Every structure is written in C-alpha cells, then in structure tokens.
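# Architecture and fold: a report
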Amino acid sequence: MNVPPIEIRRLLPEDAALYRDIRLEALRLSPEAFGSAYETESVHPVGWFAERLERGAVILGAFRGGELAGSVGFVAGVGPKQRHKGELVGMYVRPAARRAGVGRVLIDAALDLAAETVELVLIAVVKDNEQAHRLYRSAGFVEYGLEQRALKIDGRYYDDILMAKDLVARG
C-alpha cells in the first residue's frame, strides 16, 4: 500500500480558494468546533480569504497527494503582557484523512512554529470531541479549565475544554 507523504506548508494568498473550500467544509460539517459559522463565512468571496491568509493568523496546510487534507492556524499574543503565549485555532482534518496521522503532523508543525516566538500554546476543544482531545493530550497539552456553554447552536450548548502546552522546559 503506497500512502502519499504528508507535506506541511504555510497557506499563502494564492491558496485562498483551497483554504475557502476546507474552511467552509469545516464550518458546515463540524459547527460545534468553531466560533465562526458557515452562514457568516460562506458569503465571503475568495479575495476575503486571501486577505485573511495574508494578514491574519498563520495558517498551515497539510497536503497529501497534492490535496489539502487539513489545516490549523496559529495566533501569537500581542503586546508586552501577552506575547509569551499563542493559540492554535481552526484545527480541521477532512474526514477521508482522519486516522492517517494528518492531525498529529499538523499539530507538531504548529508547535514547532509556535516555539519560535512563544512559551505557551493554548487550544480549546469541544468537550464531546474525544478524538481531538486525545490527539492534543498525546501532543503534550494538559487541561486547565472548562468553559461551560462556550457555543450555542440551534438551542444546544457546547462546552470547551481549555488546554495548554508549555514549550519552555523547566528544570
């Protein structure tokens, strides 16, 4: 069985159409995992996504066989009191690429990127998503809190498990 390798690279404005497709798929298939909504972002043209890739969070894409299989964003804190930490956002792996190591490779690449500028990385995962929770624990994230009723979708509340990974070795 010949499985294509996973290539990780930063998504650039010229990748906006690919990014728009995966982002809208994520919002449509897993609405409870994202603070934004499909209805909010689907009205935006490709140019809006290109702008986001140019000026927003650093978005990493995982490619398998030339196809965008997953993505994750990294946002560093700003200002002197928060620049020591950052957050992983918008983590999504397409269903066909799950359980193939794509999520782990994405997380590891995002942590490598984060380690260049921050000491602490935060992530929030919806409480019911045990697969994602397990992935983040295996990457060294630990729980530090629970945000109850973090999101409300169609009258149902979703809690977020708050997790952190300390990138600074303590002796």
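See the structure shown above.
Throughout what follows, the structure given in this document is the object of discussion. Being a predicted model, the structure only gives us computed values, none of them experimental. (Residues numbered from 1 in each chain as written. Predicted model: local features only at pLDDT ≥ 70, side-chain atom pairs only at ≥ 80, totals over all residues. Heavy atoms only, no water.)

### As for the overall build of the protein
Within the protein, the regular secondary structure consists of five helices and seven strands. Each helix and strand of the protein, placed in order from N terminus to C terminus, yields the pattern β-α-α-α-β-β-β-α-β-α-β-β. The globule rule puts the C-alpha radius of gyration for 171 residues at 16 Å, and the 16 Å found for the protein is close to it. By its C-alpha atoms, the protein is 45 × 40 × 40 Å across when sized along the principal axes. Within the protein, the proportion of its 171 residues that are buried is 39%. By sequence separation, contacts in the protein at least 24 residues apart represent 62% of the contacts at least 6 residues apart. Looking at the protein, you have 23 positive and 24 negative side-chain charges, and the mean spots of the two groups are 3 Å apart. (Helix = DSSP H or I, 4+ residues; strand = E, 2+ residues; numbered from the N terminus. Rg over C-alpha atoms; globule rule 2.2 N^0.38 Å. Buried < 20%, exposed > 50% of the residue type's maximum accessible area, 1.4 Å probe, protein only. Contact = heavy atoms within 4.5 Å. Lys, Arg positive; Asp, Glu negative; His and termini not counted. Charge placed at Lys NZ, Arg CZ, Asp CG, Glu CD.)

### Description of helix α4 (residues 102-115)
Because an α-helix completes one turn every 3.6 residues, residues spaced three or four positions apart along the sequence face the same direction. With 14 residues, α4 should reach 20 Å at 1.5 Å per residue; the first-to-last C-alpha distance of 20 Å fits that figure. Of the positions making up α4, those classed as buried are Val102, Gly103, Leu106, Ile107, Ala110, Leu111 and Ala114. Down the axis of α4, the buried side of the element spans an arc of 165 degrees, and every buried residue falls inside it. (Expected span 1.5 Å × (residues − 1). Arc of directions from axis to C-beta.)

### Comments concerning unusual backbone geometry
Residues other than glycine seldom take positive phi values, yet Arg99 does so here, at roughly 65 degrees. Within the element layout of this structure, Arg99 appears in the loop between β4 (85-93) and α4. Positive phi, normally seen in glycine, also occurs at Arg149, with a value near 55 degrees. Mapped onto the elements, Arg149 comes out in strand β6 (residues 142-153).

### Brief notes about the packing of α4 against helix α5 (residues 130-138)
Close contact between α4 and α5 brings their axes to 10 Å; oriented N to C, the two are set at 45 degrees. Taken together, the axes of α4 and α5 lie oblique to each other. Crossing geometry of α4 relative to α5 is assigned as right-handed. In this structure, α4 contributes Gly103, Arg104 and Ile107 to the contact, and α5 contributes Leu135, Tyr136 and Ser138. (Axes fitted to C-alpha atoms, helices over the stretch in contact; angles between N-to-C directions. Parallel < 35°, antiparallel > 145°, perpendicular 65-115°, else oblique. Left-handed = near helix turned anticlockwise from the far one by under 90°.)

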